[in-house]
Number of protein chains: 2
Amino acid sequence: MAHPITRAGDTSADRREQARDLIRDVLERIGDKWSVVVICQLSDTTRRFNELRRMSAPITQRMLSTTLRGLERDGLVTRTVHDTTPPRVDYALTPRGLSLLKVVRDLAGWAEDNASGILESRTAFDAR
Amino acid sequence: MAHPITRAGDTSADRREQARDLIRDVLERIGDKWSVVVICQLSDTTRRFNELRRMSAPITQRMLSTTLRGLERDGLVTRTVHDTTPPRVDYALTPRGLSLLKVVRDLAGWAEDNASGILESRTAFDAR
DNA sequence: CAGCATCCCTCTCGATACTG
DNA sequence: CAGTATCGAGAGGGATGCTG
């Protein structure tokens, strides 16, 4: 089945609304303050907690922890605990997280291409 | 110039941090509760205020107004006032808004493709 | 019709301190 | 090293009422 969340009996309006909620759901995941940052730091390799913390500065410990939980919950990153002293925990992107990274990079590309134009528009708008 | 926001003298770390802030900036625009919904409603044609309101239900008047202001400020939609009685205002996507729509559709596609998997991951995670 | 003004509440996020 | 616990400020957003 192509779109398992649609159900028989849905009107087309229902389906449009479901699609909207779906996009919003994903946007809430990557639209928070730190998720995309963390995903990008994991783009090429596995990283440890404090390594991510440094690379994602000025993220706080609490927010990195919270963000990683959320990403893990959605199956976007894996959390691997090595039972050593001192403790060591590795984080890495799952295949799903990697596929999201691609989309995020498109978004980043659009952002770069349009950043100066957007800033100009804002300045012009605020001048009125 | 390909990337006008980078400045001479930036370290590569500076540039990475700028790129991150840039993506976050865009995500704050489309990551709010209604922007993407409104953009999608304008995908094929010009629409009037209350038309958008009905199509984007259950958006409130206040939030539609706020959202449209934000999109207009960033040069993503145009606002055209027709001086008639009763008053009539048309909203439409700009070329920039249209280019964003393409990216948003990719995101929506990813969301659809991964929705069921994400929901499964969440259920499994929460079961622990 | 197309809004703006006001009130209020929730939820995110940051700061700080503490732990196995 | 890799977190958790608690507190508080602030922004986002909903409900309602009013206006040109």
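Residues numbered from 1 in each chain as written. Chains lettered and ligands numbered in written order. Predicted model: local features only at pLDDT ≥ 70, side-chain atom pairs only at ≥ 80, totals over all residues. Heavy atoms only, no water.

Chain A is annotated in an unreviewed UniProt entry as DNA-binding HxlR family transcriptional regulator of Nonomuraea thailandensis.

Caption draft 1: Representation of the overall build of chain A within the structure. Broken down by element type, chain A carries five helices and three strands. Its C-alpha atoms give chain A a radius of gyration of 19 Å, clearly above 14 Å, the size a compact globule of 128 residues would have. In terms of principal-axis extent, the alpha carbons of chain A reach across some 55 × 50 × 25 Å. Contacts spanning at least 24 positions in sequence make up 43% of the contacts within chain A whose residues lie at least 6 apart. In the structure as shown, chain A presents an accessible area of about 7,200 Å², 51% of it carried by carbon and sulfur atoms. Taking the 21 positively charged and 18 negatively charged side chains of chain A as two groups, their mean positions are separated by 4 Å. (Helix = DSSP H or I, 4+ residues; strand = E, 2+ residues; numbered from the N terminus. Rg over C-alpha atoms; globule rule 2.2 N^0.38 Å. Contact = heavy atoms within 4.5 Å. Areas by Shrake-Rupley, 256 points an atom, 1.4 Å probe, with all protein chains shown as cover. Lys, Arg positive; Asp, Glu negative; His and termini not counted. Charge placed at Lys NZ, Arg CZ, Asp CG, Glu CD.)

Caption draft 2: Spatial organisation of the interface of chain A and chain B. Residue-level contacts link 45 residues of chain A with 46 residues of chain B. Note on chain A versus chain B: buried area summed over both sides is about 4,700 Å², and carbon and sulfur give 64% of it. Here chain A and chain B share eight salt bridges between them. With a shortest N-O distance of 2.6 Å, Arg 122 of chain A and Asp 74 of chain B are connected by a salt bridge. Counting across the interface, chain A meets chain B through 18 residue pairs in polar contact (both at pLDDT 80 or more). Going through the elements one at a time, helix 1 (12-30), helix 2 (35-41), helix 4 (61-73) and helix 5 (95-126) of chain A are the ones with two or more residues in the side of chain A that touches chain B. Top contributing element to the side of chain A that touches chain B by residue count: helix 5 of chain A, with 19 residues. Of the residues in the side of chain A that touches chain B, the class split is 22 nonpolar, nine polar and 14 charged. (Buried area = accessible area lost by both parts, 1.4 Å probe. Salt bridge = Lys/Arg side-chain N within 4 Å of Asp/Glu carboxyl O. Polar contact = N/O pair within 3.5 Å; in protein donor to acceptor, adjacent residues only side chain to side chain. Nonpolar A, V, L, I, M, F, W, Y, C, P; charged D, E, K, R; others polar.)

Caption draft 3: Structural detail: the layout of surface pockets. For the second largest pocket, the calculated volume is near 390 Å³. Lining the second largest pocket are 17 residues, and of these Arg 16, Ala 19 and Arg 20 of chain A together with Cys 40 and Gln 41 of chain B lie nearest its centre. Taken together, the elements giving at least two residues each to the lining of the second largest pocket come down to helix 1 of chain A together with helix 2 (35-41), helix 3 (49-55) and helix 5 (95-126) of chain B. The dominant element in the lining of the second largest pocket, judged by the number of residues it contributes, is helix 1 of chain A, at six residues. Taken together, the residues that form the lining of the second largest pocket break down as eight nonpolar, two polar and seven charged. (1 Å grid on protein atoms, 1.4 Å probe; cavity = no way out; pocket = protein on both sides within 12 Å on 5 of 7 lines; lining within 4 Å. Points joined across faces, edges and corners; volume = space filled by probe spheres on them.)

Caption draft 4: Structural context of the sheet that holds strand 3 (residues 88-93) of chain A. What the three strands build is an open sheet, ordered 1-3-2 (chain A); its pairing is antiparallel. Two strands lie at the open edges of the sheet, namely strand 1 (47-48) and strand 2 (77-82) of chain A, each paired on one side alone. (Pairing = 2+ DSSP bridges.)

Caption draft 5: Here's a closer look at the protein's contact with DNA strand C. Taken together, 20 residues surround DNA strand C, and among them Arg 62 of chain A together with Ser 65, Arg 69, Arg 79 and Tyr 91 of chain B come closest. Restricting the count to atoms of DNA strand C within 4 Å of the protein gives a sugar and phosphate share of 63%. Here Gln 61 of chain B contributes a side-chain N or O atom positioned 2.9 Å from a base nitrogen of DNA strand C. Here a phosphate oxygen of DNA strand C sits 2.2 Å away from a polar atom, N or O, in the side chain of Arg 69 of chain B. At the level of elements, helix 4 of chain A together with helix 3, helix 4 (61-73) and strand 3 (88-93) of chain B are the ones that each hand at least two residues to the surface near DNA strand C. It is helix 4 of chain B that provides the largest number of residues to the surface near DNA strand C, a total of four residues. Taken together, the residues of the surface near DNA strand C sort by class into eight nonpolar, four polar and eight charged. (Near = heavy atom within 4 Å.)

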